[in-house]
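Now for the letters of each chain:
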Amino acid sequence: TLFPTHGQKQWLQQLVNERHARNWKKIDRFVEGVRSMPIQPIDRVEELREEYSMMMNMMSSASSSITTPDTFQSTSASILRPRYDVLGDVALLNTLPPADQKTIIAQTIMKQNKAIRIVVARTSSLSGPERAPISSNNNHNDLISNENNLGIQLLAGPKRSPLITSHCEHGIKCVIDIERTFFSPRMGNERIRICQSVARGEHVLVLFCGVGMDAMQIAGRTEASRIVAVELNPIAAECARRGKRMLERNRTVKCPGAAQRLEIVECDALEYMHGISNTNQIYSPKQEQEHDKASDLDCPVRIFDRILAPRPKEGSMDGDLGKGDHGLPFLKALLPLLKHQGECHWYDFAADHEMPTCERTKLLIQNTCHEMGLHVEFIGVHNAGSVAKRQLRVCVDFRILTKI
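Definitions and limits used
- Residues numbered from 1 in each chain as written.
- Predicted model: local features only at pLDDT ≥ 70, side-chain atom pairs only at ≥ 80, totals over all residues.
- Heavy atoms only, no water.
- Helix = DSSP H or I, 4+ residues; strand = E, 2+ residues; numbered from the N terminus.
- Buried < 20%, exposed > 50% of the residue type's maximum accessible area, 1.4 Å probe, protein only.
- Contact = heavy atoms within 4.5 Å.
- Areas by Shrake-Rupley, 256 points an atom, 1.4 Å probe, with all protein chains shown as cover.
- Core = buried A, V, L, I, M, F, W, Y, C linked by side-chain atoms within 4.5 Å.
- Pairing = 2+ DSSP bridges.
- Axes fitted to C-alpha atoms, helices over the stretch in contact; angles between N-to-C directions.
- Polar contact = N/O pair within 3.5 Å; in protein donor to acceptor, adjacent residues only side chain to side chain.
- Parallel < 35°, antiparallel > 145°, perpendicular 65-115°, else oblique.
- Left-handed = near helix turned anticlockwise from the far one by under 90°.
- Nonpolar A, V, L, I, M, F, W, Y, C, P; charged D, E, K, R; others polar.
- Salt bridge = Lys/Arg side-chain N within 4 Å of Asp/Glu carboxyl O.
- Right-handed = clockwise from strand over helix to strand, strands pointing away.
- Patch = residues over 30% accessible without salt bridge, like charges linked within 9 Å, V, L, I, M, F, W, Y side chains within 5 Å.

Comments concerning the overall build of the protein
- When its secondary structure is counted, the protein shows 12 helices and 13 strands.
- Residue burial in the protein is summarised as follows: out of 404 residues, 42% are buried.
- Across the protein, contacts joining residues at least 24 apart in sequence account for 68% of those joining residues at least 6 apart.
- In the structure as shown, the protein presents an accessible area of about 22,100 Å², 52% of it carried by carbon and sulfur atoms.

Here's the deal with the nonpolar core
- In this structure, Ile178, Val204, Val206, Ile218, Ile227, Leu247 and Leu262 are the most contacted members of the largest nonpolar core, which totals 41 residues.
- In this structure, Ile227 is in contact with Val204, Val206, Ala215, Ile218, Ala219, Arg261, Leu262 and Glu263, ignoring residues within four places of it in sequence.
- Within the second largest apolar cluster, 36 residues are counted, among which are Ile365, Leu374, Val394 and Phe398.

Examining the sheet that holds strand S1 (residues 84-87)
- Sheet architecture is open: four strands sit in the order S1-S2-S3-S4, paired in mixed fashion. Bordering the open sheet on either side are S1 and strand S4 (152-156), each of which pairs with just one other strand. Strand-to-strand, the axes of this sheet are offset by a mean angle of 25 degrees, without reference to chain direction.
- Direction of pairing for strand S2 (residues 90-93) relative to strand S3 (residues 118-122): parallel, over a ladder of four bridges. Across the sheet, the residue bridging to Ala91 is Val119, located in S3.
- Across the sheet, helix H4 (residues 102-112) lies against S1, S2, S3 and S4, angled at about 70 degrees from S4, the strand it touches most.

Structural notes on the side chain of Glu354
- Position of Glu354 among the secondary structure elements: in the loop between strand S11 (338-351) and helix H12 (359-371).
- A distance of 2.9 Å separates a polar atom in the side chain of Glu354 from the backbone nitrogen of Ala351.
- A polar contact of 2.9 Å, which involves the side chain of Glu354, links it to the side chain of Arg360.

Digging into unusual backbone geometry
- Note that the residue after Ser161, namely Pro162, is joined by a cis bond; omega there is 0 degrees.
- A cis amide bond links Met355 to the next residue, Pro356, at an omega of 5 degrees.
- Among the secondary structure elements, Pro356 is positioned in the loop between S11 and H12.
- Residue His170 is not a glycine yet carries a positive backbone phi of 55 degrees.

Here we look at helix H7 (residues 213-221)
- With eight of nine residues buried, H7 lies mostly within the body of the structure.
- Buried within H7 we find Met213, Asp214, Ala215, Met216, Gln217, Ile218, Ala219 and Gly220.

Side note on the packing of helix H6 (residues 188-197) against H7
- Between H6 and H7, whose axes approach to 9 Å, the crossing angle comes to 45 degrees. Comparing their axes, H7 and H6 come out oblique. Relative to H7, the crossing made by H6 is right-handed. Two secondary-structure elements touch here, H6 through Arg191, Ile192, Ile194 and Cys195 and H7 through Met213, Asp214, Gln217, Ile218 and Arg221.
- When grouped by side-chain class, the residues that make up the contact of H6 with H7 number five nonpolar, one polar and three charged.

Thoughts on the environment of Arg226
- If you trace the backbone, Arg226 turns up in strand S8 (residues 226-231).
- Residue Arg226 is classed as buried on the basis of its relative accessible area of 12%.
- For the pair Arg226 and Glu263, spaced 37 residues apart in sequence, the C-alpha separation works out to 7.8 Å.
- Separated by 2.8 Å, the side chains of Arg226 and Glu263 make a polar contact.

Considering the environment of Leu338
- With respect to the helices and strands, the residue Leu338 is situated in strand S11.
- Between the alpha carbons of Leu338 and Ile307 there is a distance of 7.4 Å; along the sequence they are 31 residues apart.

Thoughts on the pattern of salt bridges
- For the structure on display, the rule yields 21 salt bridges.
- The salt bridge involving Arg360 is made with Asp348; its shortest N-O contact spans 3.8 Å. A residue pair is termed long-range when its members are at least 10 positions apart, and Arg360 in helix H12 and Asp348 in strand S11 qualify at 12 residues.
- Given a relative accessible area of 0%, Asp348 falls into the buried group.
- Here Asp352 makes a salt bridge to Arg390, at a shortest N to O gap of 2.9 Å.

Some details on the pairing of strand S9 (residues 262-266)
- Two strands pair when backbone bridges link them, and S8 and S9 are joined in this way by five bridges, in the parallel orientation. Residue pairing for S9: Val230 is matched across the bridge by Val265.
- The parallel pair S8 and S9 is bridged by helix H8 (residues 234-248), and the resulting crossover is right-handed.

A short note on a nonpolar patch on the surface
- Taken together, the side chains of Trp24, Ile27, Phe30, Val31, Val34 and Met37 present a nonpolar region at the surface, about 620 Å² in accessible area.
- Tracing the chain through its elements places Trp24 in helix H1 (residues 6-35).
- By relative accessible area, Trp24 is classed as exposed at 54%.

The quantities given are spatial measurements derived from coordinates; they are silent on function.
Structure (C-alpha cells):
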C-alpha cells in the first residue's frame, strides 16, 4: 500500500489541509485589499496616464545620453529599440530610430550578432507594385547622398551599392536587393506550410514571386513536376534567376532536378494569365489525365494543380476598410488556370477582428467562383503574419471542385 501505517496517512492529510488553509487565507487577504481600494474618478485616471507618459518621456531623455552598447542593453533604452529583420549579413530596421540613438542602436545590433555587417533603416513605407523601399527608377548612388527621400538609410557598416545580400532559409539561398525588392523572412514558416501541401507531380504557379524564395522552396523541398514563378519587377526577377543558379549548386537539396523544374518568368501577372487563358480551357478529370500524360518539361504548362497568389498590399485601398478591388482582377484571371480539384493559396489583408474566419475574403472568392460557373470548397484560413498594427496578412486556401 501507499501508506503502511495509519499515522503516515494522517500526517499527509494534515499537511495538505494546512497548505490549502494557508493559500485560501492569502486569497482572502487579496480580495479584501482589492475591495478596500478607493475608486478613482475618471479625471484621476487621465492624470495617472499623463504621469505615466511623463515618466516614459523622462526615461527616453535619460536613455539618449547613453553612449555604449553595454549600458544600452541594461537600461530602459531597450524599450525603444525598433524591430528589425536579418537579411543575410544586413539588419533592416522597420522604422528609423531617433537621430541621437541611431549609432548606439546599430552598434548594439552588430555586437549581438557578429554575422551582421551592415545596419540600415527603412525611412518610408513600401509602395507600388514592386513593394520596394526605393523605386527602380532611382539611382543606386543616391543611397547615401540623399537620406531623406529614398526610403533606406545606412546606420552602420560599409557602403554597399547596390545593397545586395544572399539570405539562407531552411538550407535554400536567395539573392535580395534590399533597396529595390521586397522580402520578408517572417514568412518562412508559411513557405514551409505551403511546401507540405504540394504533392508529387503537381504543376505549380507562383504569382508575384519576388526574389523567388517561395518557388525555390517548393522546387527544392517537393517533387512537383514544374514550378512557374512570375514577377514583374525586373530587379526581383534577376535576383530570382541568380537564386536559381545557386539552387543548381546546392548540395543540401534532396529533391533531384530542383533548378531544372523551376522556370522564372519576367512578366506582368495579369498578362501572363490572360495569355494562357486565351489558349486554355477547363478540362474534365479524364481530359486532364490525358493532358498530363502528353505534357513534359519541354511543353508549356497550361493548367496548374496549385496556384500561389501572395499579392502585394495596395496601401489604404486594402484591408477591411479599403475601397479597392481587393485583388479581384487577379482572382478572376487565375481561376480558369486551376485544374479540377486544383488548390489556390489566396493571400489577402484583414483586420484582427476578422480572424479566424475571414468571411469578407471568403465571400469575394465564393461570389467570383459562382460568376464563373465554378464550385469552391474552402480548406482553411491561416495567419501569415502582421503587416501593421491590428492588420494581418492572411492566406485563404480553397479548392475548385467541378463546374456547376
